[in-house]
Amino acid sequence: MEQTQNKTKITIKQGSRIRLVSIQDVIYIESLGRKVALHLAGETIEYYAKISQLEKQLSPYFFRTHRAYLINLHYVESYSRREALLKNADSVLISKYRLADFQKAVENSHKMLAK
């Protein structure tokens, strides 16, 4: 669950196995009780972690749209008041309390990408 020095990878511990996953490959993260699911283009990885800790680690590239979801802003295709549609065609809920902050985060991520 720690990041490497360059902060581009997430270290995942699954039993005795340790795996490094590039944050660019993570489309969104879903909280599943005491576990989280990292949704990548070709697979989903589940492991024990807290979504709140990942939220701190992955800011400003990821945004917590809902208590159960943390999304990679780079993969946002479109959004409405209730949900965000991601480039992999999944949709993720947006809390009404986080909508204004989400809109700002999307705008800021487009500015970062434009540089």
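Residues numbered from 1 in each chain as written. Predicted model: local features only at pLDDT ≥ 70, side-chain atom pairs only at ≥ 80, totals over all residues. Heavy atoms only, no water.

### Side note on the sheet that holds strand β9 (residues 83–86)
The strands making up a sheet associate through backbone hydrogen bonding, with each pair oriented either parallel or antiparallel.
Part 1 of the reasoning: Reading across from one edge, β8-β9-β10 is the order of the three strands in this open sheet, with antiparallel pairing throughout. The open sheet has two free edges, formed respectively by β8 (76–79) and β10 (91–93), since each of these has just one partner strand. Averaged over all pairs of adjacent strands, the angle between their axes in this sheet comes to 30 degrees, without regard to strand direction.
Part 2 of the reasoning: Direction of pairing for β8 relative to β9: antiparallel, over a ladder of three bridges. (Pairing = 2+ DSSP bridges. Helix = DSSP H or I, 4+ residues; strand = E, 2+ residues; numbered from the N terminus. Axes fitted to C-alpha atoms, helices over the stretch in contact; angles between N-to-C directions.)

### As for the sheet that holds strand β6 (residues 62–66)
Part 1 of the reasoning: Judged by pairing direction, the sheet is antiparallel, and its five strands sit side by side in the order β5-β4-β3-β7-β6 without closing on themselves. Bordering the open sheet on either side are β5 (44–48) and β6, each of which pairs with just one other strand. Averaged over all neighbouring strand pairs, the angle between strand axes comes to 20 degrees, with direction disregarded.
Part 2 of the reasoning: In this sheet, strand β7 (residues 69–72) lies alongside β6 in antiparallel orientation, the contact comprising four bridges. If you follow Arg64 over to β7, its bridge partner there is Leu70.

### Some remarks on helix α1 (residues 51–58)
Part 1 of the reasoning: Listed in full, the buried residues belonging to α1 are Ile51, Leu54 and Leu58. Here the buried residues of α1 occupy an arc of 55 degrees about the axis, which is enough to place them on one side.
Part 2 of the reasoning: On the buried face of α1, the contacting elements are β1 (9–14), β3 (26–32), β4 (35–40), β5, β6 and β7. (Buried < 20%, exposed > 50% of the residue type's maximum accessible area, 1.4 Å probe, protein only. Arc of directions from axis to C-beta. Contact = heavy atoms within 4.5 Å.)

### Notes on the side chain of Asn72
Part 1 of the reasoning: Its place among the elements puts Asn72 in strand β7.
Part 2 of the reasoning: Residue classification places Asn72 among the buried residues on the basis of a relative accessible area of 6%.
Part 3 of the reasoning: From its side chain, Asn72 meets the backbone oxygen of Ile23 in a polar contact 3.4 Å long.
Part 4 of the reasoning: With sequence-adjacent residues up to four places away left out, Asn72 is seen in contact with Ile23, Gln24, Val26, Ile27, Tyr28, Tyr61 and Phe62. (Polar contact = N/O pair within 3.5 Å; in protein donor to acceptor, adjacent residues only side chain to side chain.)

### Some words on the pattern of salt bridges
Part 1 of the reasoning: Inspection of every chain in the model, using the stated rule, returns two salt bridges.
Part 2 of the reasoning: One salt bridge connects Glu43 with Arg19, and the closest N-O pair in it is separated by 2.5 Å. Placement of Glu43 in the loop between β4 and β5 and of Arg19 in strand β2 (residues 17–22) is noted, with a sequence separation of 24 residues between them.
Part 3 of the reasoning: Judged by its relative accessible area of 22%, Arg19 falls in the partly exposed class.
Part 4 of the reasoning: The closest approach of N and O atoms between Arg64 and Glu55, which form a salt bridge, is 2.9 Å. (Salt bridge = Lys/Arg side-chain N within 4 Å of Asp/Glu carboxyl O.)

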